[in-house]
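Structure assessment
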Amino acid sequence: PCGTGQDCKDPNPSPGSTGDYTCTCTGTSIVVTGGPATCTNDECKATPAPCGTGQTCNDPNTAANKLHDFTCTCDNDNSIKKVDGPATCTKDECTGKPCGTG
């Protein structure tokens, strides 16, 4: 009765006891009684948003047991990224000596 990637446990297997089984997402604490659990967790949909304003969040693996793998990318410079937290979206305009060699 549980979905793929879930463990099923029936605490009382007697014929008169129905609907008391639990489905647990493997490797997590997500447990549902009497039906399959939802074993996904898109970390980017958390409240508050894990990346913050001016950043885009991408969670490449939304399996419930795959945490801390989301990436925050700065909207104003997509080369600035950080995994598992907000990126520091600043850029030193003087990098590359735009004013010349001095």
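Rules used throughout
Residues numbered from 1 in each chain as written. Predicted model: local features only at pLDDT ≥ 70, side-chain atom pairs only at ≥ 80, totals over all residues. Heavy atoms only, no water. Helix = DSSP H or I, 4+ residues; strand = E, 2+ residues; numbered from the N terminus. Rg over C-alpha atoms; globule rule 2.2 N^0.38 Å. Buried < 20%, exposed > 50% of the residue type's maximum accessible area, 1.4 Å probe, protein only. Contact = heavy atoms within 4.5 Å. Areas by Shrake-Rupley, 256 points an atom, 1.4 Å probe, with all protein chains shown as cover. Lys, Arg positive; Asp, Glu negative; His and termini not counted. Charge placed at Lys NZ, Arg CZ, Asp CG, Glu CD. Pairing = 2+ DSSP bridges. Axes fitted to C-alpha atoms, helices over the stretch in contact; angles between N-to-C directions. Disulfide = S-S within 2.5 Å. Core = buried A, V, L, I, M, F, W, Y, C linked by side-chain atoms within 4.5 Å.

Some points on the overall build of the protein chain
- On a plain count of helices and strands, the protein chain comes out with zero helices and six strands.
- The C-alpha radius of gyration of the protein chain comes to 22 Å, more than 25% above the 13 Å expected for a compact globule of 102 residues.
- C-alpha extents for the protein chain along the principal axes are approximately 85 × 20 × 15 Å.
- By the burial criterion, 25% of the 102 residues in the protein chain qualify as buried.
- Relative to all contacts within the protein chain whose residues are 6 or more apart in sequence, the contacts with residues 24 or more apart total 18%.
- Here the protein chain displays about 6900 Å² of accessible surface, and carbon together with sulfur accounts for 52% of that area.
- On the protein chain, the mean spot of the 7 positive side-chain charges and the mean spot of the 12 negative ones are 8 Å from each other.

Remarks on the sheet that holds strand S6 (residues 81–83)
- In space, the three strands of this open sheet follow the order S4-S5-S6, with antiparallel pairing throughout. Looking at the sheet topology across the chains shown, the edges are occupied by strand S4 (55–58) and S6. Strand-to-strand twist in this sheet, taken as the mean axis angle between neighbours without regard to direction, amounts to 20°.
- Pairing between S4 and strand S5 (residues 71–74): four bridges, direction antiparallel. Note that in S5 the partner of Thr 56 across the bridge is Thr 73.

As for the state of the cysteines
- Going through the model one piece at a time under the given rule, you end up with five disulfides.
- The disulfide that involves Cys 25 links it to Cys 39, with 1.9 Å between the sulfurs. Between Cys 25 and Cys 39 the disulfide shows an S-S torsion of about -90°. By sign, it is left-handed. On the criterion of sequence distance, the pair formed by Cys 25 in strand S2 (residues 22–25) and Cys 39 in the loop between strand S3 (31–33) and S4 is long-range, its members being 14 residues apart.

A short note on the nonpolar core
- Core analysis: the largest hydrophobic core is formed by seven residues, namely Cys 44, Cys 51, Phe 70, Cys 72, Cys 74, Ile 80 and Ala 87.
- In this view, Cys 51 contacts Thr 56, Cys 57, Phe 70, Thr 71, Cys 72 and Pro 86; residues no more than four positions away in its chain are not counted.

Re the environment of Thr 33
- Inspection of the secondary structure assignment puts Thr 33 in strand S3.
- For Thr 33, a relative accessible area of 55% corresponds to the exposed category.
- Considered as a pair, Thr 33 and Ala 64 are 31 residues apart in the sequence and their alpha carbons are 17 Å apart.
- When residues no more than four places from it in sequence are discounted, the contact partners of Thr 33 are Gly 19, Asp 20, Tyr 21 and Thr 22.

In short, geometric facts, not functional conclusions.
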